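Close look at the chain arrangement
The chain contents come next:
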Amino acid sequence: MPEVQNSTLAGGVAMGTCSTMMIEPWAALLIGTCAGSLSTLGFIYLTPFLERTVKLHDTAGIHNLHGIPGLIGSFAGVFAALHASPDKYGDYVGYVFPHMGTSNETLAWELGLPEPGHDRSANTQGGMQAAAIGVTLGLAISSGLFVGAFLRIPVFDQPLRKDQFDDSHWWVEASPPSAESGSDKEDEEL
């Protein structure tokens, strides 16, 4: 059941990237369905595979709830940028894609744009968004590897293998009240 609950959130995560873009209802439904389905499959098949082969333990399912749907949403944003045109956005394309806006300062001012654009084409904008996916993945993976290697330095107190998934030493359980410490006896003493 948690897989289904997380899949409903995955659709929203995927649509977050292109929520301000002109997406047809069928495309939004397709993006959400793909994100929810792949998220569920990730929880069922990918997470156990990664734990078994790479020893990657995703405690909260972040990879399947945010990673996979985020990539789907990013690619949806690339396709939305590739199909951005004056037919869809009119002169206001600069609001959604600032660099695709007009470079004419007077026209940009009349349209209420914060600053003139660069007259970027839809193909160039889509390419820039695809490049941003690559840069983001490169930074995320390299910084994750760096932090992982940094935390393996012996100066950090690493838990023993048998204690890695046991957090009982962080929890204190309250003992149940005994029979003689009942509230009736306390009332009698007062």
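Residues numbered from 1 in each chain as written. Predicted model: local features only at pLDDT ≥ 70, side-chain atom pairs only at ≥ 80, totals over all residues. Heavy atoms only, no water.

**Thoughts on the side chain of Q129**
Inclusion rule: For helices the rule is a DSSP run of H or I covering at least 4 residues; for strands it is a run of E covering at least 2, with both sets numbered from the N terminus onward. Note on definitions: a residue-residue contact is assigned when non-hydrogen atoms from the two residues lie within 4.5 Å.
The residue Q129 is located in helix α7 (residues 122-151) in this model. What Q129 contacts, discounting residues up to four positions off in sequence, is M21, G77, V78, A81 and F97.

**Describing the nonpolar core**
Looking at soluble globular proteins, one finds that nonpolar side chains tend to be buried together. How we decide: Here the nonpolar core consists of buried residues drawn from Ala, Val, Leu, Ile, Met, Phe, Trp, Tyr and Cys, with membership extended through side-chain atoms lying within 4.5 Å. Buried means the residue's accessible area, taken with a 1.4 Å probe over protein chains only, is under 20% of the maximum for its type, while exposed means over 50%, and partly exposed covers the values in between.
Residues C18, M21, I31, I72, Y89, F97 and M100 are the most contacted members of the largest nonpolar core, which totals 19 residues. Listing elements by their share of this core, those giving two or more residues are α1 (2-17), α2 (25-53) and α3 (62-82). Broken down by element, the residue count for this core peaks at 6 residues, all from α3.

**Here we look at the packing of aromatic side chains**
Rules: Pairs were defined over the aromatic rings of Phe, Tyr and Trp, the Trp ring being its six-membered one, requiring ring centres within 6.5 Å. Orientation was assigned from the angle between planes: stacked under 30 degrees, edge-to-face over 60, tilted for the rest.
Considering all chains together, one arrives at 1 aromatic pair under this definition. Both rings, one in F146 and one in F150, keep their centres 6.2 Å apart while their planes meet at 20°; by these two values the pair is stacked. Of the two residues, F146 and F150 both sit in helix α7, 4 residues apart, roughly one turn of that helix. The exposure class of F146 is exposed, given its relative accessible area of 58%. On the accessibility criterion, F150 (40% relative accessible area) is partly exposed.

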